[in-house]
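Commentary on secondary and tertiary structure
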Amino acid sequence: MGHENVSRYPWGPPDTCAIGLVLPIIDERLWNPTFRIAYYFASLLYFFLGTAIITQIFMSAIDRITSHTKKVYLANYRAKKDGSMDSLDYVLKEDEPEIIEVRVWNDTVANLILMAFGTASPEILLSIVETVAHNFESGKLGPATIVGSAAFNLLIITSVCMLALPDEEVKRVHRLRVFVVTGLFSLLAYVWLFSILHWISPNEIELWEASVTFALFPILILFAYLTDRNYFSGMRSEQTKAQIELDTLYNNQSVKSAVQKNLVKANGEIHKENLLKFVKEAKKIPNLKDEEIALLAATKLLEDTSHSSNWHRINSVRQATGSRKSKPVLSCKLQQVYDIIKDHPEGLKLNDISTVLGSPTDKGTVVEFHSPNVAVKENIGQFDVTVCRYGDLRSEVKVRVDSVDGSAKQGEDYVPIREVLIFSPFENEKKVTVKIIDDNKWEPDEEFFLRLTLLTKRDENVRLGNYPIMEVTIIDDDEPGIIMFQKRGLVVKESAGSISIPVVRLRGADGTVSAKWKTVDKSAIAGRDYIGGEGEIIFKHNEIKQNLDISIIDDLAPEKDEYFEVVLSDPTGGAKVGYINRILITISNDDDFNSVAHRLMVLTGANLDAFRVHSETWAEQFRLAMSVNGGDIENATFSDYTLHFFSFFWKVLFAFVPPVAIFDGWLCFFVSLTLIGIITTIIQDLATVFGCLIGLDDTMTAITIVALGTTLPDILGARMVTRAEEHADGALIHISGSIAVNVLIGVGVPWFVAALWHRGHGSVFRVPAVGLGFSVLLFSTASIIAAALLFIRRRAKIFGKAELGGPVITRYLTVFILVSLWLLYVFLNFLQINHVINPPF
């Protein structure tokens, strides 16, 4: 069906399938038909994979081209009380100017001219190559692929985006006017296509018609740009120059989102002070290497930086080909540390760190005393000490408790202990009874120790916790005690974040007592160098030690050592303040941390460089092409190795493409575009022969197999873009824009060239209207239904008032309708091609 021509060779009988522009390379006529079908199908899939990889390189060049920035002079501003970033209250303060770097390319223009063209380039070049290769006559494959990929983009990829979000999550189109403009131009383009095929000049394309088709593309760009810049909203004349510049800044999506992030400044640069604070929080975690901290910092920076939809599409192709990932892969431990730091933006406390270290939550069993010390009166007789078990409680655990002399002696001051404790399954506490001997004579306070020893084999995953030894203090009298500092002075580094000042209770621990404390400024000033104030420290009955925590402020500026005092006064409960009633705290300049921080910044920068979407040198390109997961073997999965194996040839071949560092990406742009054209030429031949072998018409092959293969980069990127971006713009505006670009360039350019060639040769450029026109009519109808459905979703509460996501039932209902429209589109085209139905025109 649809393959009237045959291949004629200088020898032997003709083949049933027509000769293509490149294929066949060798004589295939005697091959087994089944093997030949399988061979061409596998070849199609493999070349579709190559198309995706070279398109990813093409989009990397586009990303480099559109990343150029310019400096804009701005007055200061503040956000409105509602915190919204799209409604700013501008405050002009010419005495506090700021210079901001913004992208030269407008997001809407870049999306339509380069990004939409980048993902649609395989279909566009397929249409151009087919027309030129067939002596400037219209073929079936190119135009049908354009229309088929448009239907696939609108109906199937929108369905993929719909299902990408978690349950109940919704995302709306933010730049609605731009979405409406691109959508209307897409529909207008297909209505115009149908009109010139059937009404204006049936079955013939005149030069002026082709010229108008192509001219609609720059008109689309102009209208989309003016809409994006609010030229049609009536607000433009009221804006000052500074406000227009702020518009420029906040219309740049990457900068707009970055303003709200704490590690990225408004101009997109790294906020070094906040990054240092993040590093300091990470350094509070014990046993964390500098390399691991740098990896955490790079992860946070990549997460805080708003990326373009093009960036997400590039990385989706990388993931599908076993190349390096778009962000670092964290181990379970590092992921836990990262989550804890993110969940505590005010700073990590001791209990937060213990959660990360995982005493109660780690796999295995942890055994320890309930406290590191306890104080009792000599006449107490006996008391109980608790031994606790955490973690995995399913097995039996044995520990031994021994007493060890200090100033207190066994037999004289206490009864010695050597006891074995057996924790039964799911038992988490055991008691040990300690007996104190009262000798009825005065003695100073004495102490002895209790020690835990494991009696379990090492391979049973049992360990001692943070308190394997307990100090027991025997207090001779019933005095409430004396409260005082343990030392006269302490030194703390500026980067420490806080200092714990030990306060002790001596010569008695009877009852609950307290004392007041306050800070006294010296060379260090409260609020500038530390968080000062006053408060009360309380000792409970038998409690002999407390820690007073003071927060230290790191201003990240080099300065001399500074100090302040903390004073104790006004004891209660009969207690007294001892002779060390004040302590001097010296804040030391942190030169060593600054050197460590500098090293960590260098390591973080190296990590960020590893996750760029493009390479700067040929050597780097070849190294990445030949390495699974971009060289990160430790985190490579089995699927990474499998995908890398199949894509290895394409990766190495395309490593010869000039890096984007040469001529700011333009050389890479044109070379990769040429390679896309060559590959799509081969795909055209493969698809034609494959369709012929299975008895499928070129039009059906185009709207199904070829449309699916050439839109592979969009399929891979749709889910990631939808999940990653704040709004639905990156997904839906890209779909509507690529549909418009597809037809206006993919049909407009080859038809314009062909009509011009025929005009020069005095002939007529004929395009059969029936098949293509029917397909255009079907798509136009489906697009109207799909657009109406999306706008109903935006308005109706039952759909979550958003184009994407929403309640599960309504989400799947939308997908069912969209997929049904695509299946109906394919089925009706099949019936028309086989003359089961005939269009009424």
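Residues numbered from 1 in each chain as written. Predicted model: local features only at pLDDT ≥ 70, side-chain atom pairs only at ≥ 80, totals over all residues. Heavy atoms only, no water.

An unreviewed UniProt entry annotates the chain as Calx-beta domain-containing protein of Parthenolecanium corni. Per UniProt, the chain has the following entry under Subcellular location (unreviewed entry): "Cell membrane". Database annotation for the chain, UniProt heading Sequence similarities (unreviewed entry): "Belongs to the Ca(2+):cation antiporter (CaCA) (TC 2.A.19) family. SLC8 subfamily." (UniProt positions renumbered as here; feature names shortened; annotations may be inferred.)

Helix and strand content of the chain: 22 helices and 24 strands. Here the chain holds 841 residues, and the buried ones make up 51% of them. The long-range fraction of contacts in the chain, counting pairs at least 24 apart against all pairs at least 6 apart in sequence, stands at 75%. Split by element, the accessible area of the chain, about 38800 Å² in all, is 59% carbon and sulfur. (Helix = DSSP H or I, 4+ residues; strand = E, 2+ residues; numbered from the N terminus. Buried < 20%, exposed > 50% of the residue type's maximum accessible area, 1.4 Å probe, protein only. Contact = heavy atoms within 4.5 Å. Areas by Shrake-Rupley, 256 points an atom, 1.4 Å probe, with all protein chains shown as cover.)

Turning next to the packing of aromatic side chains. For any two aromatic rings, the description comes down to two numbers: the centre-to-centre distance and the angle of the planes. Counted under the stated rule, the structure contains 24 aromatic pairs. Taking the centre distance of 5.4 Å and the plane angle of 75 degrees together, the rings of Phe-645 and Phe-646 count as edge-to-face. We classify Phe-646 as partly exposed; its relative accessible area is 46%. Among the aromatic residues, ring-to-ring pairing joins Tyr-46, Phe-47, Phe-649, Trp-650 and Phe-654 into one connected group. (Phe/Tyr/Trp six-rings, centres within 6.5 Å; stacked < 30°, edge-to-face > 60°.)

This part takes up the nonpolar core. Counting residues in hydrophobic clusters, the biggest one holds 110 residues, and the most contacted among them are Tyr-190, Leu-193, Trp-751, Phe-779 and Tyr-825. With 13 residues, helix 3 (residues 141-164) is the single largest residue contributor to this core. Sequence-distant contacts of Tyr-190, defined by excluding residues within four places in its chain, comprise Ile-146, Val-147, Ala-150, Ile-739, Val-743, Val-776, Phe-779 and Ser-780. Counting 27 residues, the second-largest nonpolar core is a separate cluster that includes Leu-490, Ile-501, Phe-564 and Val-566. (Core = buried A, V, L, I, M, F, W, Y, C linked by side-chain atoms within 4.5 Å.)

Attention now moves to the sheet that holds strand 14 (residues 469-475). The five strands are arranged 7-14-12-9-10 in an open sheet whose pairing can be described as mixed. In this open sheet, the two strands that pair with only one neighbour each are strand 7 (373-377) and strand 10 (418-423). Strand after strand, the sheet turns through a mean of 25 degrees between neighbouring axes, direction not considered. Of the pairings in the sheet, the one linking strand 12 (residues 446-454) to strand 14 comprises six bridges and is antiparallel in character. Counted as the bridge partner of Glu-446 is Ile-474 from strand 14. (Pairing = 2+ DSSP bridges. Axes fitted to C-alpha atoms, helices over the stretch in contact; angles between N-to-C directions.)

Within the secondary structure layout, Val-432 lies in strand 11 (residues 429-435). Distance from Val-432 to Val-385, taken between C-alpha atoms, is 5.1 Å for residues 47 residues apart in sequence.

Scanning the entire structure with this criterion turns up eight salt bridges. The salt bridge partner of Asp-529 is Arg-528, with a shortest N-O separation of 2.8 Å. Classification of Asp-529 by relative accessible area gives buried; the value is 2%. Between Glu-565 and Arg-582 there is a salt bridge whose closest N-O contact spans 2.8 Å. Of this pair, Glu-565 sits in strand 21 (residues 562-572) while Arg-582 sits in strand 23 (residues 582-588), and the two are 17 residues apart along the sequence. Among the ionic contacts, a cluster of salt bridges with common partners joins Arg-400, Asp-402 and Arg-418. (Salt bridge = Lys/Arg side-chain N within 4 Å of Asp/Glu carboxyl O.)

Feature annotation in UniProt assigns "transmembrane region" (unreviewed entry) to the following positions: residues 37-62, 141-166, 178-201, 207-226, 652-680, 731-757, 769-792 and 812-831. Strand forms 0% of residues 37-62 and helix 100%; the C-alpha atoms that close the span are 37 Å apart.

A few words on the confidence of the model for the chain. Averaged over all residues, the pLDDT of the chain equals 78, while 77% of them reach at least 70. Contacts for the low-pLDDT stretch residues 1-5, under 50 throughout, to residues beyond four places or in other chains number 16 contacts. Within the model, pLDDT remains below 50 along residues 355-362, and this stretch shows 19 contacts once partners closer than five positions in the same chain are excluded. (pLDDT = per-residue confidence, 0-100.)

Look at helix 15 (residues 638-654): 24 Å from first C-alpha to last across 17 residues, which is about the 24 Å you get at 1.5 Å a residue. By the largest-angle criterion, Ser-647 marks the main kink of helix 15, which is about 60 degrees. All buried positions along helix 15 are accounted for by Asp-640, His-644, Ser-647, Trp-650, Lys-651, Val-652 and Phe-654. Contacts from the buried residues of helix 15 go to helix 1 (33-65), helix 14 (618-626) and helix 16 (666-693). (Expected span 1.5 Å × (residues − 1). Bend = angle between axes of the 7 residues up to and from the residue.)

Let us now look at helix 17 (residues 698-710). Here helix 17 contains 13 residues, and its C-alpha end-to-end distance of 15 Å is more than 12% below the 18 Å for a straight helix at 1.5 Å per residue. Of all the bends in helix 17, the largest measures some 25 degrees and sits at Thr-704. A large share of helix 17 lies buried, amounting to 12 of its 13 residues. Taken together, the buried positions of helix 17 are occupied by Asp-698, Thr-699, Met-700, Thr-701, Ala-702, Ile-703, Thr-704, Ile-705, Val-706, Ala-707, Gly-709 and Thr-710. The opening residue of helix 17, the one whose side-chain oxygen lies 2.8 Å from the backbone nitrogen of Thr-699, is Asp-697. (Polar contact = N/O pair within 3.5 Å; in protein donor to acceptor, adjacent residues only side chain to side chain.)

It is worth spelling out the sheet that holds strand 20 (residues 545-551) at this point. The four strands lie next to each other as 20-17-15-22, forming an open sheet whose pairing is mixed. At either margin of the open sheet sits one strand with a lone partner, and together these are strand 20 and strand 22 (576-577). With two bridges joining them, strand 15 (residues 482-485) and strand 22 adopt parallel strand pairing. Bridge assignment links Ile-482 to a residue of strand 22, and that residue is Lys-576.

What follows deals with the pairing of strand 8 (residues 382-391). Summarising the sheet, strand 6 (residues 365-369) and strand 8 pair through five bridges and their orientation is antiparallel. Bridge pairing in strand 8 links Glu-368 to Cys-388. Bridge count for strand 8 against strand 11 is seven bridges, and the pairing is antiparallel. Paired with Cys-388 across the bridge in strand 11 is Glu-429.

Together, Arg-172, Arg-795, Lys-797 and Lys-801 make up a positively charged patch on the protein surface. Turning to its location among the elements, Arg-172 is positioned in the loop between strand 5 (170-171) and helix 4 (176-200). Its relative accessible area of 35% is what places Arg-172 among the partly exposed residues. (Patch = residues over 30% accessible without salt bridge, like charges linked within 9 Å, V, L, I, M, F, W, Y side chains within 5 Å. Lys, Arg positive; Asp, Glu negative; His and termini not counted. Charge placed at Lys NZ, Arg CZ, Asp CG, Glu CD.)

Turning to a nonpolar patch on the surface, a few remarks are in order. On the surface, Leu-21, Val-22, Ile-25 and Ile-26 cluster together to form a nonpolar patch covering roughly 400 Å² of accessible area. With respect to the secondary-structure elements, Val-22 resides in the segment before helix 1.

With that settled, consider unusual backbone geometry. A positive phi angle, near 60 degrees, is found at Phe-136, a position not held by glycine. Along the chain, Phe-136 turns up in the loop between helix 2 (107-133) and helix 3. Backbone geometry at His-835 places phi at a positive 60 degrees, although glycine is not the residue there. Tracing the backbone shows His-835 in the segment after helix 22 (808-833). You can call His-835 exposed: its relative accessible area is 61%.

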